[in-house]
Amino acid sequence: MRKSAGILTALAVVVIAYVAATWYVGKQARAAIEQAVAQANERMAQAMVAQPGADRATVAVVEYRRRIFSSDVVYSLRLRNESGQLQEFLLGDHLQHGPFPWDAVRGGRFVPMLALSQAQLLPSAATQAWFDKLDGKTPVTGRTEVHFGGSAVSDWTFKPLNLAQDGEVLKFSGATMRATFDNDYADSRVTGGFDLLDYSNGEGERMVIDAVRFEYETATEAEATRMNATTQASRLSLQLPDESTVSLADAVMKVSSEQNGDLATGFVRYDLGQVRSGDADLGSLSLGVRGKDISMPAVSELARVYDELSARHGPQQENWRLSPEEAALLQDRLFALLASNPVVTFEPLVWKNDQGESSASLSLELTRPAQPESAASLDALLQQALRGLDLGMRIERPMFVRALVQLQDGADDPQIAAFAGELYDNYAQRLQAAGLATLADGAATAKIVYRDGQVDANGKKMPVAEFMQRALLVLLM
(Lines give C-alpha, C1' and ligand atoms only; values in the text may rest on other atoms or scores of the structure.)
Protein backbone atom coordinates (compact mmCIF):
# COMPACT_ATOMS: atom_id res chain seq x y z
CA MET A 1 0.00 0.00 0.00
CA ARG A 2 2.80 2.35 0.92
CA LYS A 3 4.57 1.36 -2.29
CA SER A 4 1.46 2.24 -4.32
CA ALA A 5 1.11 5.54 -2.52
CA GLY A 6 4.77 6.30 -3.26
CA ILE A 7 4.30 5.53 -6.92
CA LEU A 8 1.19 7.73 -7.12
CA THR A 9 2.99 10.52 -5.31
CA ALA A 10 5.95 10.31 -7.70
CA LEU A 11 3.59 10.24 -10.68
CA ALA A 12 1.75 13.30 -9.36
CA VAL A 13 5.05 15.13 -8.95
CA VAL A 14 6.03 14.25 -12.51
CA VAL A 15 2.66 15.40 -13.89
CA ILE A 16 2.79 18.66 -11.92
CA ALA A 17 6.37 19.25 -13.04
CA TYR A 18 5.45 18.57 -16.66
CA VAL A 19 2.40 20.87 -16.49
CA ALA A 20 4.57 23.59 -14.95
CA ALA A 21 7.24 23.07 -17.59
CA THR A 22 4.63 23.14 -20.35
CA TRP A 23 3.10 26.33 -18.94
CA TYR A 24 6.56 27.96 -18.83
CA VAL A 25 7.47 26.74 -22.32
CA GLY A 26 4.17 28.10 -23.62
CA LYS A 27 5.09 31.47 -22.15
CA GLN A 28 8.49 31.29 -23.88
CA ALA A 29 6.79 30.29 -27.15
CA ARG A 30 4.74 33.48 -27.07
CA ALA A 31 7.89 35.54 -26.55
CA ALA A 32 9.50 33.78 -29.52
CA ILE A 33 6.44 34.51 -31.69
CA GLU A 34 6.46 38.19 -30.78
CA GLN A 35 10.17 38.33 -31.57
CA ALA A 36 9.65 36.62 -34.93
CA VAL A 37 6.82 39.01 -35.88
CA ALA A 38 8.98 42.01 -34.98
CA GLN A 39 11.87 40.66 -37.09
CA ALA A 40 9.53 39.98 -40.02
CA ASN A 41 8.23 43.55 -39.99
CA GLU A 42 11.75 44.95 -39.70
CA ARG A 43 13.02 42.93 -42.66
CA MET A 44 10.01 43.76 -44.82
CA ALA A 45 10.58 47.44 -44.06
CA GLN A 46 14.25 47.10 -45.04
CA ALA A 47 13.32 45.29 -48.25
CA MET A 48 10.79 47.93 -49.30
CA VAL A 49 12.37 51.07 -47.87
CA ALA A 50 13.60 52.25 -51.26
CA GLN A 51 10.18 51.80 -52.85
CA PRO A 52 7.26 54.23 -52.80
CA GLY A 53 4.76 53.09 -50.20
CA ALA A 54 7.42 51.38 -48.08
CA ASP A 55 4.92 50.73 -45.27
CA ARG A 56 2.60 48.66 -47.45
CA ALA A 57 3.21 45.29 -45.73
CA THR A 58 2.87 44.54 -42.02
CA VAL A 59 2.45 41.38 -39.91
CA ALA A 60 0.55 41.46 -36.62
CA VAL A 61 -0.81 39.07 -33.99
CA VAL A 62 -4.53 39.84 -33.89
CA GLU A 63 -5.55 37.10 -31.43
CA TYR A 64 -3.66 34.98 -28.88
CA ARG A 65 -5.49 32.46 -26.70
CA ARG A 66 -3.06 30.73 -24.38
CA ARG A 67 -3.80 27.57 -22.40
CA ILE A 68 -1.56 25.23 -20.43
CA PHE A 69 -0.76 22.66 -23.12
CA SER A 70 -1.57 24.65 -26.25
CA SER A 71 -2.35 28.08 -27.66
CA ASP A 72 -4.30 29.36 -30.65
CA VAL A 73 -2.95 32.36 -32.55
CA VAL A 74 -4.31 34.37 -35.47
CA TYR A 75 -1.85 36.39 -37.55
CA SER A 76 -2.67 39.13 -40.03
CA LEU A 77 -0.62 40.07 -43.08
CA ARG A 78 -1.79 43.39 -44.49
CA LEU A 79 -0.68 44.56 -47.92
CA ARG A 80 -1.41 47.94 -49.46
CA ASN A 81 -1.35 47.94 -53.26
CA GLU A 82 -0.34 50.76 -55.60
CA SER A 83 -3.85 52.24 -55.60
CA GLY A 84 -3.87 52.39 -51.80
CA GLN A 85 -6.31 49.50 -51.27
CA LEU A 86 -5.69 47.33 -48.21
CA GLN A 87 -5.74 43.53 -48.52
CA GLU A 88 -5.64 41.29 -45.47
CA PHE A 89 -4.54 37.66 -45.26
CA LEU A 90 -5.31 35.71 -42.07
CA LEU A 91 -3.39 32.73 -40.73
CA GLY A 92 -4.63 30.52 -37.90
CA ASP A 93 -1.99 28.73 -35.84
CA HIS A 94 -2.53 25.93 -33.30
CA LEU A 95 0.52 25.73 -31.02
CA GLN A 96 1.20 22.70 -28.87
CA HIS A 97 3.58 23.65 -26.08
CA GLY A 98 6.76 21.71 -25.35
CA PRO A 99 8.86 20.25 -24.09
CA PHE A 100 7.22 17.22 -25.75
CA PRO A 101 4.21 18.25 -27.88
CA TRP A 102 1.75 15.36 -28.11
CA ASP A 103 1.41 15.34 -31.92
CA ALA A 104 5.20 15.24 -32.29
CA VAL A 105 5.47 12.34 -29.83
CA ARG A 106 2.62 10.53 -31.56
CA GLY A 107 4.46 10.97 -34.87
CA GLY A 108 7.64 9.46 -33.42
CA ARG A 109 9.44 12.78 -32.79
CA PHE A 110 10.86 12.66 -29.24
CA VAL A 111 13.08 15.74 -29.64
CA PRO A 112 12.42 18.44 -26.98
CA MET A 113 10.69 21.44 -28.54
CA LEU A 114 9.58 24.88 -27.50
CA ALA A 115 6.41 24.36 -29.54
CA LEU A 116 4.87 22.50 -32.45
CA SER A 117 2.91 24.78 -34.78
CA GLN A 118 0.24 23.57 -37.19
CA ALA A 119 -1.03 26.53 -39.19
CA GLN A 120 -3.50 27.13 -41.97
CA LEU A 121 -4.76 30.02 -44.05
CA LEU A 122 -8.11 31.41 -42.90
CA PRO A 123 -10.82 32.87 -45.13
CA SER A 124 -10.70 36.61 -45.84
CA ALA A 125 -11.91 38.87 -48.62
CA ALA A 126 -8.57 38.41 -50.41
CA THR A 127 -8.67 34.58 -50.30
CA GLN A 128 -12.37 33.67 -50.28
CA ALA A 129 -12.41 32.62 -53.95
CA TRP A 130 -9.61 30.12 -53.26
CA PHE A 131 -11.60 28.64 -50.36
CA ASP A 132 -14.77 28.48 -52.46
CA LYS A 133 -12.91 26.57 -55.16
CA LEU A 134 -11.77 24.02 -52.56
CA ASP A 135 -15.23 23.65 -50.99
CA GLY A 136 -14.21 25.58 -47.91
CA LYS A 137 -10.98 23.70 -47.26
CA THR A 138 -7.86 25.69 -46.49
CA PRO A 139 -5.48 26.12 -49.45
CA VAL A 140 -2.35 26.70 -47.35
CA THR A 141 -1.02 24.60 -44.47
CA GLY A 142 2.20 24.73 -42.51
CA ARG A 143 3.97 22.65 -39.88
CA THR A 144 6.72 24.24 -37.77
CA GLU A 145 8.95 22.77 -35.10
CA VAL A 146 10.28 25.50 -32.79
CA HIS A 147 13.33 24.19 -30.96
CA PHE A 148 15.13 25.42 -27.88
CA GLY A 149 18.17 27.62 -28.51
CA GLY A 150 16.54 29.81 -31.15
CA SER A 151 16.13 27.40 -34.07
CA ALA A 152 13.11 26.20 -36.04
CA VAL A 153 12.09 24.22 -39.13
CA SER A 154 8.94 25.11 -41.07
CA ASP A 155 7.31 23.29 -44.02
CA TRP A 156 4.47 24.80 -46.06
CA THR A 157 2.17 23.46 -48.76
CA PHE A 158 0.08 25.58 -51.17
CA LYS A 159 -2.71 23.71 -52.97
CA PRO A 160 -3.38 24.03 -56.72
CA LEU A 161 -5.91 26.56 -57.93
CA ASN A 162 -7.91 26.81 -61.17
CA LEU A 163 -10.14 29.86 -61.11
CA ALA A 164 -12.23 31.56 -63.80
CA GLN A 165 -14.16 34.68 -62.86
CA ASP A 166 -15.38 37.73 -64.80
CA GLY A 167 -13.21 36.84 -67.81
CA GLU A 168 -10.07 36.31 -65.71
CA VAL A 169 -8.45 32.87 -65.63
CA LEU A 170 -5.85 31.79 -63.09
CA LYS A 171 -4.10 28.43 -63.07
CA PHE A 172 -1.69 27.64 -60.25
CA SER A 173 0.07 24.29 -59.86
CA GLY A 174 0.49 24.55 -56.12
CA ALA A 175 3.79 25.06 -54.31
CA THR A 176 5.98 23.89 -51.47
CA MET A 177 8.33 25.84 -49.24
CA ARG A 178 10.73 25.03 -46.39
CA ALA A 179 12.23 27.57 -43.97
CA THR A 180 14.91 26.96 -41.37
CA PHE A 181 15.94 29.41 -38.62
CA ASP A 182 19.03 29.58 -36.41
CA ASN A 183 21.00 32.06 -34.29
CA ASP A 184 18.03 32.97 -32.10
CA TYR A 185 15.85 33.04 -35.25
CA ALA A 186 17.99 35.86 -36.74
CA ASP A 187 19.45 33.64 -39.50
CA SER A 188 17.16 31.98 -42.01
CA ARG A 189 17.12 29.92 -45.18
CA VAL A 190 14.02 29.56 -47.33
CA THR A 191 13.71 27.25 -50.33
CA GLY A 192 10.75 26.33 -52.48
CA GLY A 193 9.10 26.55 -55.84
CA PHE A 194 6.13 25.83 -58.08
CA ASP A 195 5.60 24.37 -61.55
CA LEU A 196 3.09 26.74 -63.18
CA LEU A 197 1.42 30.12 -62.80
CA ASP A 198 -0.82 31.05 -65.75
CA TYR A 199 -2.93 34.22 -65.66
CA SER A 200 -5.04 35.87 -68.37
CA ASN A 201 -7.53 38.72 -68.06
CA GLY A 202 -9.82 38.04 -71.02
CA GLU A 203 -8.59 41.16 -72.89
CA GLY A 204 -5.75 39.50 -74.75
CA GLU A 205 -3.23 39.81 -71.93
CA ARG A 206 -1.63 36.64 -70.61
CA MET A 207 1.35 35.84 -68.38
CA VAL A 208 2.80 32.34 -67.95
CA ILE A 209 5.60 31.36 -65.56
CA ASP A 210 6.98 27.81 -65.62
CA ALA A 211 9.13 25.85 -63.15
CA VAL A 212 10.10 28.45 -60.54
CA ARG A 213 12.65 27.64 -57.84
CA PHE A 214 13.86 30.08 -55.20
CA GLU A 215 16.35 30.24 -52.34
CA TYR A 216 16.65 33.02 -49.77
CA GLU A 217 19.23 33.29 -46.98
CA THR A 218 19.87 35.83 -44.24
CA ALA A 219 22.67 35.97 -41.68
CA THR A 220 23.25 38.37 -38.80
CA GLU A 221 26.52 39.00 -36.98
CA ALA A 222 27.09 41.94 -34.60
CA GLU A 223 25.69 44.98 -36.47
CA ALA A 224 25.96 43.39 -39.92
CA THR A 225 23.04 41.75 -41.72
CA ARG A 226 23.59 39.86 -44.97
CA MET A 227 21.03 38.58 -47.45
CA ASN A 228 21.34 36.44 -50.58
CA ALA A 229 18.48 35.33 -52.80
CA THR A 230 18.24 33.43 -56.07
CA THR A 231 15.11 32.92 -58.16
CA GLN A 232 15.06 30.77 -61.30
CA ALA A 233 12.35 30.17 -63.88
CA SER A 234 12.57 27.89 -66.88
CA ARG A 235 10.23 30.16 -68.86
CA LEU A 236 8.35 33.44 -68.57
CA SER A 237 6.10 34.69 -71.33
CA LEU A 238 4.01 37.84 -71.70
CA GLN A 239 1.32 38.26 -74.32
CA LEU A 240 -0.26 41.67 -75.01
CA PRO A 241 -3.01 42.59 -77.50
CA ASP A 242 -1.68 43.24 -81.01
CA GLU A 243 1.90 42.65 -79.86
CA SER A 244 4.37 39.82 -80.35
CA THR A 245 4.65 37.46 -77.41
CA VAL A 246 7.81 38.10 -75.41
CA SER A 247 9.32 34.94 -73.93
CA LEU A 248 12.29 34.52 -71.58
CA ALA A 249 13.92 31.13 -71.06
CA ASP A 250 16.28 30.06 -68.28
CA ALA A 251 15.80 33.30 -66.36
CA VAL A 252 17.79 33.81 -63.16
CA MET A 253 17.61 36.72 -60.73
CA LYS A 254 20.21 37.06 -57.97
CA VAL A 255 19.92 39.60 -55.17
CA SER A 256 22.32 40.24 -52.30
CA SER A 257 22.74 42.94 -49.69
CA GLU A 258 24.78 43.68 -46.60
CA GLN A 259 24.01 46.33 -44.02
CA ASN A 260 26.54 47.36 -41.40
CA GLY A 261 25.25 50.10 -39.15
CA ASP A 262 23.53 52.73 -41.28
CA LEU A 263 25.36 51.91 -44.52
CA ALA A 264 24.34 49.20 -46.95
CA THR A 265 25.65 47.58 -50.10
CA GLY A 266 23.27 45.88 -52.52
CA PHE A 267 23.44 43.95 -55.78
CA VAL A 268 20.90 42.58 -58.23
CA ARG A 269 21.63 40.66 -61.40
CA TYR A 270 19.44 39.27 -64.18
CA ASP A 271 20.62 36.52 -66.53
CA LEU A 272 18.27 35.57 -69.37
CA GLY A 273 19.36 32.48 -71.26
CA GLN A 274 17.15 33.25 -74.23
CA VAL A 275 14.97 36.21 -75.22
CA ARG A 276 12.33 35.72 -77.91
CA SER A 277 9.96 38.21 -79.49
CA GLY A 278 7.42 36.31 -81.53
CA ASP A 279 9.42 33.91 -83.70
CA ALA A 280 12.66 35.92 -83.44
CA ASP A 281 15.43 34.58 -81.22
CA LEU A 282 17.12 37.72 -79.87
CA GLY A 283 19.81 35.80 -77.99
CA SER A 284 20.80 36.04 -74.32
CA LEU A 285 20.95 39.06 -72.01
CA SER A 286 22.69 39.78 -68.69
CA LEU A 287 22.59 42.91 -66.51
CA GLY A 288 23.73 43.69 -62.98
CA VAL A 289 23.32 46.77 -60.78
CA ARG A 290 25.30 47.39 -57.58
CA GLY A 291 24.99 50.09 -54.94
CA LYS A 292 27.67 50.81 -52.33
CA ASP A 293 27.69 52.98 -49.18
CA ILE A 294 23.96 53.67 -49.29
CA SER A 295 22.65 55.39 -46.15
CA MET A 296 19.53 53.44 -45.17
CA PRO A 297 18.14 56.15 -42.81
CA ALA A 298 18.52 58.65 -45.67
CA VAL A 299 16.78 56.27 -48.09
CA SER A 300 13.97 55.75 -45.58
CA GLU A 301 13.51 59.48 -45.07
CA LEU A 302 13.55 60.17 -48.82
CA ALA A 303 10.95 57.43 -49.33
CA ARG A 304 8.77 58.92 -46.57
CA VAL A 305 8.84 62.39 -48.17
CA TYR A 306 8.15 60.88 -51.59
CA ASP A 307 5.14 59.00 -50.21
CA GLU A 308 3.75 62.18 -48.67
CA LEU A 309 4.13 64.08 -51.95
CA SER A 310 2.63 61.17 -53.90
CA ALA A 311 -0.39 61.10 -51.57
CA ARG A 312 -0.78 64.86 -51.92
CA HIS A 313 -0.26 65.24 -55.69
CA GLY A 314 -1.03 61.78 -57.10
CA PRO A 315 1.18 58.86 -58.22
CA GLN A 316 2.16 60.36 -61.60
CA GLN A 317 5.29 62.50 -61.09
CA GLU A 318 4.80 64.41 -64.34
CA ASN A 319 1.59 65.88 -62.88
CA TRP A 320 3.22 67.21 -59.71
CA ARG A 321 3.17 70.96 -59.07
CA LEU A 322 5.52 71.30 -56.13
CA SER A 323 5.60 74.43 -54.03
CA PRO A 324 9.04 75.98 -53.38
CA GLU A 325 8.92 74.52 -49.84
CA GLU A 326 8.10 71.02 -51.13
CA ALA A 327 10.81 71.18 -53.80
CA ALA A 328 13.35 72.33 -51.21
CA LEU A 329 12.36 69.50 -48.85
CA LEU A 330 12.68 66.85 -51.57
CA GLN A 331 16.06 68.27 -52.65
CA ASP A 332 17.30 68.32 -49.04
CA ARG A 333 16.39 64.64 -48.54
CA LEU A 334 18.06 63.72 -51.84
CA PHE A 335 21.25 65.56 -50.89
CA ALA A 336 21.22 63.81 -47.49
CA LEU A 337 21.32 60.51 -49.39
CA LEU A 338 24.35 61.76 -51.37
CA ALA A 339 26.20 62.72 -48.18
CA SER A 340 27.48 59.14 -47.66
CA ASN A 341 29.31 59.29 -51.05
CA PRO A 342 27.41 56.37 -52.59
CA VAL A 343 28.57 54.52 -55.68
CA VAL A 344 26.13 53.09 -58.24
CA THR A 345 27.50 50.64 -60.78
CA PHE A 346 25.74 49.14 -63.78
CA GLU A 347 27.82 46.03 -64.27
CA PRO A 348 28.27 44.82 -67.81
CA LEU A 349 25.10 44.66 -69.84
CA VAL A 350 25.98 41.79 -72.17
CA TRP A 351 23.77 41.02 -75.16
CA LYS A 352 24.68 37.99 -77.26
CA ASN A 353 23.05 36.75 -80.44
CA ASP A 354 24.05 34.36 -83.21
CA GLN A 355 26.29 37.01 -84.81
CA GLY A 356 28.32 38.09 -81.76
CA GLU A 357 27.95 40.12 -78.58
CA SER A 358 28.02 43.68 -77.29
CA SER A 359 28.50 45.02 -73.78
CA ALA A 360 28.31 48.24 -71.76
CA SER A 361 29.09 49.20 -68.17
CA LEU A 362 28.75 52.40 -66.14
CA SER A 363 29.91 53.42 -62.66
CA LEU A 364 28.82 56.65 -60.94
CA GLU A 365 30.54 58.01 -57.82
CA LEU A 366 28.27 60.54 -56.14
CA THR A 367 28.55 63.09 -53.35
CA ARG A 368 26.53 65.86 -51.73
CA PRO A 369 27.01 69.16 -53.63
CA ALA A 370 29.24 71.45 -51.58
CA GLN A 371 27.20 74.60 -52.27
CA PRO A 372 23.95 73.60 -54.02
CA GLU A 373 22.48 77.09 -53.66
CA SER A 374 25.30 78.50 -55.81
CA ALA A 375 24.60 76.15 -58.72
CA ALA A 376 23.26 78.24 -61.59
CA SER A 377 21.70 75.32 -63.46
CA LEU A 378 20.85 71.63 -63.23
CA ASP A 379 24.01 70.81 -65.22
CA ALA A 380 26.16 72.67 -62.66
CA LEU A 381 24.36 70.87 -59.82
CA LEU A 382 24.96 67.48 -61.41
CA GLN A 383 28.62 68.29 -61.93
CA GLN A 384 28.93 69.11 -58.20
CA ALA A 385 27.20 65.84 -57.26
CA LEU A 386 29.33 63.68 -59.58
CA ARG A 387 32.72 62.73 -58.11
CA GLY A 388 33.59 60.28 -60.83
CA LEU A 389 32.29 58.37 -63.82
CA ASP A 390 33.58 55.30 -65.61
CA LEU A 391 31.91 54.22 -68.87
CA GLY A 392 32.94 51.24 -70.93
CA MET A 393 31.28 50.07 -74.16
CA ARG A 394 31.96 47.61 -76.96
CA ILE A 395 29.50 47.11 -79.83
CA GLU A 396 30.18 44.55 -82.55
CA ARG A 397 28.90 45.44 -86.01
CA PRO A 398 27.48 41.99 -87.02
CA MET A 399 25.69 41.67 -83.66
CA PHE A 400 24.22 45.20 -83.94
CA VAL A 401 22.95 44.64 -87.48
CA ARG A 402 21.39 41.30 -86.57
CA ALA A 403 19.66 42.74 -83.49
CA LEU A 404 18.26 45.76 -85.32
CA VAL A 405 16.94 43.60 -88.17
CA GLN A 406 15.17 41.28 -85.71
CA LEU A 407 13.68 44.17 -83.72
CA GLN A 408 12.24 45.54 -86.97
CA ASP A 409 10.56 42.18 -87.70
CA GLY A 410 12.68 41.81 -90.79
CA ALA A 411 14.80 38.75 -90.11
CA ASP A 412 15.45 38.15 -93.83
CA ASP A 413 15.02 41.69 -95.19
CA PRO A 414 18.26 42.79 -96.93
CA GLN A 415 17.11 46.42 -97.05
CA ILE A 416 16.78 46.61 -93.26
CA ALA A 417 20.14 44.87 -92.89
CA ALA A 418 21.76 47.40 -95.24
CA PHE A 419 20.18 50.30 -93.34
CA ALA A 420 21.38 48.90 -90.00
CA GLY A 421 24.91 48.52 -91.37
CA GLU A 422 24.99 52.09 -92.68
CA LEU A 423 23.64 53.41 -89.38
CA TYR A 424 26.36 51.59 -87.46
CA ASP A 425 29.15 52.72 -89.79
CA ASN A 426 27.95 56.34 -89.75
CA TYR A 427 27.92 56.75 -85.97
CA ALA A 428 30.99 54.58 -85.34
CA GLN A 429 33.04 56.74 -87.73
CA ARG A 430 31.70 59.94 -86.13
CA LEU A 431 32.68 58.73 -82.68
CA GLN A 432 36.13 57.73 -83.90
CA ALA A 433 36.65 61.09 -85.60
CA ALA A 434 35.68 62.87 -82.36
CA GLY A 435 38.10 60.72 -80.35
CA LEU A 436 35.25 59.15 -78.37
CA ALA A 437 35.66 55.59 -79.71
CA THR A 438 38.11 53.32 -81.49
CA LEU A 439 37.33 50.90 -84.33
CA ALA A 440 39.03 47.52 -84.61
CA ASP A 441 38.09 43.94 -85.50
CA GLY A 442 34.55 44.88 -86.51
CA ALA A 443 33.72 46.53 -83.19
CA ALA A 444 33.48 50.06 -81.76
CA THR A 445 35.05 50.41 -78.31
CA ALA A 446 34.87 53.34 -75.88
CA LYS A 447 36.43 53.95 -72.47
CA ILE A 448 35.37 57.24 -70.84
CA VAL A 449 36.60 58.19 -67.36
CA TYR A 450 35.76 61.37 -65.44
CA ARG A 451 37.77 62.47 -62.38
CA ASP A 452 38.64 65.83 -60.80
CA GLY A 453 36.94 67.87 -63.51
CA GLN A 454 38.82 66.13 -66.32
CA VAL A 455 37.64 63.58 -68.88
CA ASP A 456 39.82 60.79 -70.20
CA ALA A 457 38.39 59.57 -73.50
CA ASN A 458 40.22 56.46 -74.70
CA GLY A 459 43.49 57.71 -73.20
CA LYS A 460 43.15 61.36 -74.29
CA LYS A 461 42.49 63.86 -71.46
CA MET A 462 40.35 66.93 -71.99
CA PRO A 463 38.20 69.41 -70.02
CA VAL A 464 34.52 68.59 -69.53
CA ALA A 465 33.46 71.43 -71.83
CA GLU A 466 35.56 70.03 -74.67
CA PHE A 467 34.19 66.53 -74.16
CA MET A 468 30.60 67.82 -74.21
CA GLN A 469 31.32 69.79 -77.37
CA ARG A 470 32.68 66.70 -79.12
CA ALA A 471 29.70 64.59 -78.02
CA LEU A 472 27.22 67.20 -79.27
CA LEU A 473 28.98 67.38 -82.63
CA VAL A 474 28.56 63.59 -83.02
CA LEU A 475 24.82 63.86 -82.34
CA LEU A 476 24.20 66.92 -84.51
CA MET A 477 26.33 66.12 -87.53
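To be clear, the structure that these remarks concern was listed above.
Engineer: What's the story with the packing of aromatic side chains in this structure? I'm lost.
Structural biologist: Two aromatic rings, taken as a pair, are described by how far apart their centres are and by the angle between their planes. If you walk through the whole model with that rule in mind, you get four aromatic pairs. With a centroid separation of 5.6 Å and an interplanar angle of 50 degrees, the aromatic rings of F400 and Y424 are classed as tilted. Note that F400 is positioned in helix 7 (residues 397–407) and Y424 in helix 8 (residues 414–433), a separation of 24 residues in sequence. Residue classification places Y424 among the buried positions, given a relative accessible area of 9%. One aromatic cluster in this structure is built from W130, F172 and F194. Against the face of Y427 rests R430, its NZ or CZ located 4.8 Å from the ring centre.

Engineer: Sorry if this is basic, but what is going on with the pairing of strand 13 (residues 246–260) here?
Structural biologist: Working note: regular strand, side chains alternate between the two faces of the sheet. The pairing of strand 12 (residues 224–239) with strand 13 spans 14 bridges and is antiparallel. Residue pairing for strand 13: R235 is matched across the bridge by A249. In this structure, the hairpin formed by strand 12 and strand 13 is closed by a connection of six residues, where D242 is found at a positive phi of approximately 60 degrees. For strand 13 and strand 14 (residues 263–277), the ladder comprises 14 bridges, and the chain directions are antiparallel. Bridge assignment links L248 to a residue of strand 14, and that residue is V275.

Engineer: Mind showing me how you'd approach the packing of helix 4 (residues 296–313) against helix 5 (residues 324–338) here?
Structural biologist: In a packed pair of helices, the relevant descriptors are the angle between the two axes and the axis-to-axis distance. Orientation of helix 4 relative to helix 5, taken along the N-to-C sense of each, is 155 degrees, at an axis distance of 8 Å. The orientation of helix 4 relative to helix 5 falls into the category roughly antiparallel. Our pair here, helix 4 against helix 5, has a crossing hand that is left-handed. Between helix 4 and helix 5, the contacting residues are A298, V299, E301, L302, R304, V305, L309, R312 and H313 on the first element and E326, L329, L330, R333, L334, A336 and L337 on the second. When grouped by side-chain class, the residues that make up the contact of helix 4 with helix 5 number ten nonpolar, one polar and five charged.

Engineer: I tried to follow the packing of helix 7 against helix 8 on my own but got confused; where do I start?
Structural biologist: At their nearest, the axes of helix 7 and helix 8 sit 9 Å apart, and the two run at 135 degrees to each other. In this view, helix 7 runs oblique relative to helix 8, as classed from their interaxial angle. Two packed elements cross with a definite hand, and for helix 7 against helix 8 that hand is right-handed. Each of R397, F400, V401, L404 and V405 in helix 7 lies in contact with helix 8, whose residues at this interface are I416, A417, A420, G421, E422, L423, Y424 and D425.

Engineer: Looking at this model, I keep getting lost on helix 7. Mind explaining?
Structural biologist: Count 3.6 residues to each turn of an α-helix, and residues three or four apart come out pointing the same way. Residues M399, V401, A403, L404, V405 and Q406 constitute the buried set of helix 7. Against the buried residues of helix 7 lie strand 15 (280–295), strand 16 (343–353), strand 17 (356–366), strand 18 (386–396) and helix 8.

Engineer: In this structure, what is going on with the layout of surface pockets? I would like to understand it.
Structural biologist: In this approach, a probe sized like a water molecule rolls over the atoms, and the result shows the empty space that is left. Size it by volume and the second largest pocket reaches roughly 880 Å³. What lines the second largest pocket is a set of 28 residues, and nearest its centre among them are L391, I448, F467, M468 and A471. Top element by residues in the lining of the second largest pocket is helix 9 (residues 464–476). It accounts for six residues. Residue classes in the lining of the second largest pocket are distributed as 25 nonpolar, two polar and one charged.

Engineer: Sorry if this is basic, but what is going on with unusual backbone geometry here?
Structural biologist: For residues other than glycine, phi is negative in most cases, and the peptide bonds are mostly trans. Phi is positive for D166, close to 55 degrees, though the residue is something other than glycine. Within the secondary structure, D166 sits in the loop between strand 7 (161–165) and strand 8 (168–172). Residue class for D166 comes out exposed when judged on its relative accessible area of 75%.

Engineer: Help me out: how do you make sense of a nonpolar patch on the surface in this one?
Structural biologist: On the surface, M207, L238, L240 and V246 cluster together into a nonpolar patch covering about 290 Å² of accessible area. The class of M207 is partly exposed, set by a relative accessible area of 35%.

Engineer: Which parts of the structure should I look at to understand the nonpolar core?
Structural biologist: Nonpolar side chains in soluble globular proteins generally cluster together in the buried interior. The biggest cluster of nonpolar side chains holds 20 residues, and the ones touching the most others in it are W130, F172 and F194. Of all the secondary structure elements, the ones that give two or more residues to this core are strand 2 (70–80), strand 3 (86–97), strand 4 (115–122), helix 3 (128–133) and strand 11 (206–221). Take this core: its biggest share by element is three residues, from strand 4. Excluding residues within four positions of it along the chain, W130 makes contact with P139, V140, K159, P160, L161 and F172. Grouped together as the second largest cluster of nonpolar side chains are ten residues, A434, L436, I448 and V464 included.

Engineer: Looking at this structure, I do not really get the pattern of salt bridges. What am I missing?
Structural biologist: Per the counting criterion, the structure on display carries 26 salt bridges. For the salt bridge of R143 with E145, the shortest nitrogen-to-oxygen distance reads 3.0 Å. R143 gets classed as partly exposed once you look at its relative accessible area, which sits at 34%. Looking at E145, the relative accessible area reads 8%, which means it is buried. Across the pair R333 and E301 runs a salt bridge, and its minimum N-O distance is 3.1 Å. On the criterion of sequence distance, the pair formed by R333 in helix 5 and E301 in helix 4 is long-range, its members being 32 residues apart. Exposure remark for E301: the relative accessible area of 25% places this residue in the partly exposed category.

The rules behind the values
Residues numbered from 1 in each chain as written. Predicted model: local features only at pLDDT ≥ 70, side-chain atom pairs only at ≥ 80, totals over all residues. Heavy atoms only, no water. Phe/Tyr/Trp six-rings, centres within 6.5 Å; stacked < 30°, edge-to-face > 60°. Helix = DSSP H or I, 4+ residues; strand = E, 2+ residues; numbered from the N terminus. Buried < 20%, exposed > 50% of the residue type's maximum accessible area, 1.4 Å probe, protein only. Lys NZ or Arg CZ within 6 Å of the ring centre and 35° of its normal. Pairing = 2+ DSSP bridges. Axes fitted to C-alpha atoms, helices over the stretch in contact; angles between N-to-C directions. Parallel < 35°, antiparallel > 145°, perpendicular 65-115°, else oblique. Left-handed = near helix turned anticlockwise from the far one by under 90°. Contact = heavy atoms within 4.5 Å. Nonpolar A, V, L, I, M, F, W, Y, C, P; charged D, E, K, R; others polar. 1 Å grid on protein atoms, 1.4 Å probe; cavity = no way out; pocket = protein on both sides within 12 Å on 5 of 7 lines; lining within 4 Å. Points joined across faces, edges and corners; volume = space filled by probe spheres on them. Patch = residues over 30% accessible without salt bridge, like charges linked within 9 Å, V, L, I, M, F, W, Y side chains within 5 Å. Areas by Shrake-Rupley, 256 points an atom, 1.4 Å probe, with all protein chains shown as cover. Salt bridge = Lys/Arg side-chain N within 4 Å of Asp/Glu carboxyl O. Core = buried A, V, L, I, M, F, W, Y, C linked by side-chain atoms within 4.5 Å.

As far as function goes, none of this settles anything; it's purely spatial.
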